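One letter stands for each residue in the lines below.
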Amino acid sequence: MDTYKALVVREKEGRFSRAVEEVPISFLPKNEVLIKVAYAGLNYKDALSASGHKGITREFPHTPGVDAAGEVVETESSLVASGQKVIVTSYDLGMNTKGGFAEYIRVPAKWVVPLPDELSLQDSMAMGTAAFTAALAVDKMERAGQRPEMGEIVVTGASGGVGSMAVAILAKKGYRVIASSGKQEQYSWLKSIGAKRCINRDGVCDESGRPLLSPRWAGGIDTVGGDTLHTLIKSCSKEGSIAVCGLVGSYELKMTVYPLILNGVNILGIDSAETPLTHRKSIWAKLAKEYKPKSVASLTKIVTLDEIPTYMDEILNGETAGRIIAKIS
Ligand SMILES: NC(=O)c1ccc[n+]([C@@H]2O[C@H](COP(=O)([O-])OP(=O)(O)OC[C@H]3O[C@@H](n4cnc5c(N)ncnc54)[C@H](OP(=O)(O)O)[C@@H]3O)[C@@H](O)[C@H]2O)c1
């Protein structure tokens, strides 16, 4: 094999182009494990990389794709076997290491998670970094004491990848979920995947500057940041946890200490990218069983490698719903 197909983002005079190309195998980095990609997941971070965001990807030409699942074809490590079905999500994949929007990836062995028996490669990418992040959030909230009987949990950016997976996982675990979304047309779908009720995203974004508000939920999973995250924290009831996952609205958080010292609210940071392999495997084991959303298929749209560029702008504009995965080979 001398060449393979990949989505390549190129930079020319400060402008970025995206196209599927046949590239030499030497385009891949020199890592230990060569994987034939079966499915890749599309994420917000990929859309940033595909648009030339230098905070995500420093050098171009580049192939985005932080999520990939497939079969090992060559390995220089005893940790991974040839022919093994595997999942690779985050670490540096798709950021400054050529990513999953391609027929092949080559990665360090310590990034590789064996596919749990209960999951297909397609299911694993239908969940991908989005479900992994949502699962990390639920796991961390429960370790901080969150329980279904404490009351409702709010999820922001609920129609997005992380948001919809959070709704589905929380519902499976017996939580009553409030889905906050800017897309009224997705309310019935959000209810079908587990939301008890849906509210408009404007109603979860208090701009009054007040340091504390009446309690409205017992905990939350936030993908938006800024005033939305602040609203989640200052409207959380006593001893609840707010898991901080994303920044689609803003990277800023301006707040007082009152929710923390008067209500004991926990602010939990979620970093899926650098989760160590042992914890990573235990979260994937949960995703294969007790966290697995009831209908993964209803959360997923399947596209081709050639169609990926079209979806990058839609993701950046917040126009997509649920998970989009690409069937690569
Ligand atoms: N911490 C981690 O380890 C980790 C891992 C994965 C992702 N993330 C981050 O989590 C966030 C979500 O990622 P994703 O892959 O789920 O993205 P996504 O699928 O594009 O979903 C984002 C959702 O956010 C909402 N939204 C979009 N623009 C908004 C705005 N200006 N204000 C408020 N809401 C807006 C929309 O949902 P509604 O229309 O339903 O409101 C949109 O569907 C991103 O910031 C991403 O970088 C973090």
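Residues numbered from 1 in each chain as written. Predicted model: local features only at pLDDT ≥ 70, side-chain atom pairs only at ≥ 80, totals over all residues. Heavy atoms only, no water.

Caption draft 1: Structural view of the overall build of the chain. Tallying secondary structure elements over the chain gives eight helices and 15 strands in all. A globule of 329 residues ought to have a C-alpha radius of gyration of about 20 Å, and the chain, at 20 Å, matches this closely. Along the first, second and third principal axes, the C-alpha atoms of the chain reach 65 × 45 × 35 Å. Out of the 329 residues belonging to the chain, those deemed buried represent 54%. Total accessible area on the chain stands at roughly 14,000 Å², and carbon and sulfur atoms take up 48% of it. Within the chain, one finds 39 positive and 37 negative side-chain charges whose respective centroids are separated by 4 Å. (Helix = DSSP H or I, 4+ residues; strand = E, 2+ residues; numbered from the N terminus. Rg over C-alpha atoms; globule rule 2.2 N^0.38 Å. Buried < 20%, exposed > 50% of the residue type's maximum accessible area, 1.4 Å probe, protein only. Areas by Shrake-Rupley, 256 points an atom, 1.4 Å probe, with all protein chains shown as cover. Lys, Arg positive; Asp, Glu negative; His and termini not counted. Charge placed at Lys NZ, Arg CZ, Asp CG, Glu CD.)

Caption draft 2: Broad picture of helix α3 (residues 161-172). For α3, spanning twelve residues, the distance from its first C-alpha to its last is 17 Å, which sits close to the expected 16 Å at 1.5 Å a residue. Within α3, nine of the twelve residues are buried, which leaves the element mostly enclosed by the surrounding structure. Burial in α3 covers these residues: Gly161, Gly163, Ser164, Met165, Ala166, Val167, Ala168, Ile169 and Leu170. Backbone geometry just after α3 places Gly174 at a positive phi near 95°. (Expected span 1.5 Å × (residues − 1).)

Caption draft 3: Representation of the pattern of salt bridges. Inspection of every chain in the model, using the stated rule, returns twelve salt bridges. The partner of Glu118 in a salt bridge is Lys289, with the nearest N and O atoms 3.5 Å apart. With Glu118 in the loop between β7 (113-114) and α2 (121-143) and Lys289 in the loop between α7 (277-288) and β14 (300-304), this residue pair connects regions lying 171 residues apart in the sequence. Linking Asp139 and Arg143 is a salt bridge whose minimum nitrogen-to-oxygen distance equals 3.1 Å. (Salt bridge = Lys/Arg side-chain N within 4 Å of Asp/Glu carboxyl O.)

Caption draft 4: Broad picture of the environment of Ala168. With respect to the helices and strands, Ala168 occurs in helix α3. Spatially, the C-alpha atom of Ala168 lies 8.7 Å from that of Ser295, the residues being 127 residues apart in sequence. Excluding residues within four positions of it along the chain, Ala168 makes contact with Ile193, Pro293 and Leu299. (Contact = heavy atoms within 4.5 Å.)

Caption draft 5: Quick look at the packing of α2 against α3. Relative to each other, α2 and α3 sit at 55°, their axes nearing to 8 Å. For the element pair α2 / α3, the angle class is oblique. Considering only the axes of α2 and α3, their crossing is right-handed. Across the interface between the two elements, Ala126, Met127, Ala130, Ala131, Thr133, Ala134, Ala135 and Val138 of α2 pack against Gly161, Val162, Met165, Ala166, Ile169 and Leu170 of α3. Looking at side-chain class alone, the contact of α2 with α3 contains twelve nonpolar, two polar and no charged residues. (Axes fitted to C-alpha atoms, helices over the stretch in contact; angles between N-to-C directions. Parallel < 35°, antiparallel > 145°, perpendicular 65-115°, else oblique. Left-handed = near helix turned anticlockwise from the far one by under 90°. Nonpolar A, V, L, I, M, F, W, Y, C, P; charged D, E, K, R; others polar.)

Caption draft 6: Up close: the layout of surface pockets. Considering only enclosed or pocket space, the largest pocket measures out at about 1,300 Å³ in volume. Lining the largest pocket we find 49 residues, and of these Tyr44, Val162, Thr223, Gly246 and Val248 sit closest to its centre. Of all the secondary structure elements, the ones that give two or more residues to the lining of the largest pocket are α1 (44-50), α2, α3, β9 (177-181), α8 (308-316) and β15 (323-327). By residue class, the composition of the lining of the largest pocket is 19 nonpolar, 23 polar and seven charged. (1 Å grid on protein atoms, 1.4 Å probe; cavity = no way out; pocket = protein on both sides within 12 Å on 5 of 7 lines; lining within 4 Å. Points joined across faces, edges and corners; volume = space filled by probe spheres on them.)

Caption draft 7: View of the packing of α2 against α7. Put simply, α2 and α7 touch, their axes get as near as 9 Å, and they point 105° apart. When the interaxial angle is binned, α2 and α7 end up roughly perpendicular. Judged by residue contacts, Ser124, Met127, Gly128, Ala131, Phe132, Ala135, Leu136, Asp139 and Arg143 of α2 engage His279, Arg280, Ile283, Trp284, Lys286 and Leu287 from α7. Taken together, the residues of the contact of α2 with α7 break down into eight nonpolar, three polar and four charged.

Caption draft 8: Representation of the site of the ligand in the model. Taken together, 25 residues lie near the ligand, and Ser159, Val162, Ser181, Ile270 and Ser272 sit nearest. Gly161 is positioned with one of its backbone polar atoms (N or O) 2.8 Å from an oxygen atom of the ligand. Measuring from an oxygen atom of the ligand, one finds a side-chain N or O atom of Lys183 at 2.9 Å. Calculation on the ligand without its partners gives an accessible area of 930 Å², and the protein chains cover 85% of this total. Most atoms of the ligand, that is more than half of them, are within 2 Å of grid points of the largest pocket. Breaking the shell around the ligand down by element, the ones donating at least two residues are α2 and α3. A class-by-class count of the residues in the shell around the ligand yields nine nonpolar, 13 polar and three charged. (Near = heavy atom within 4 Å. Polar contact = N/O pair within 3.5 Å; in protein donor to acceptor, adjacent residues only side chain to side chain. Sits in = over half its atoms within 2 Å of the grid points.)

Caption draft 9: Molecular detail of the environment of Glu307. Its location among the elements puts Glu307 in the loop between β14 and α8. The class of Glu307 is partly exposed, set by a relative accessible area of 35%. In this structure the C-alpha to C-alpha distance between Glu307 and Ala158, which are 149 residues apart in sequence, comes to 24 Å.

Caption draft 10: Looking closely at the domain arrangement of the chain. Under the domain assignment, the chain is made up of domain 1 (3-115 + 296-327) and domain 2 (129-269). Distance from the C-alpha centre of domain 1 to the C-alpha centre of domain 2: 29 Å. Contact with domain 1, which involves 14 residues of that partner, is made by 13 residues of domain 2. Surface buried jointly by domain 1 and domain 2 totals about 1,000 Å² across both partners, of which 61% is contributed by carbon and sulfur atoms. Between domain 1 and domain 2 we count zero salt bridges in total. Residue classes in the side of domain 1 that touches domain 2 are distributed as four nonpolar, seven polar and three charged. (Domains from an automatic or database assignment. Buried area = accessible area lost by both parts, 1.4 Å probe.)

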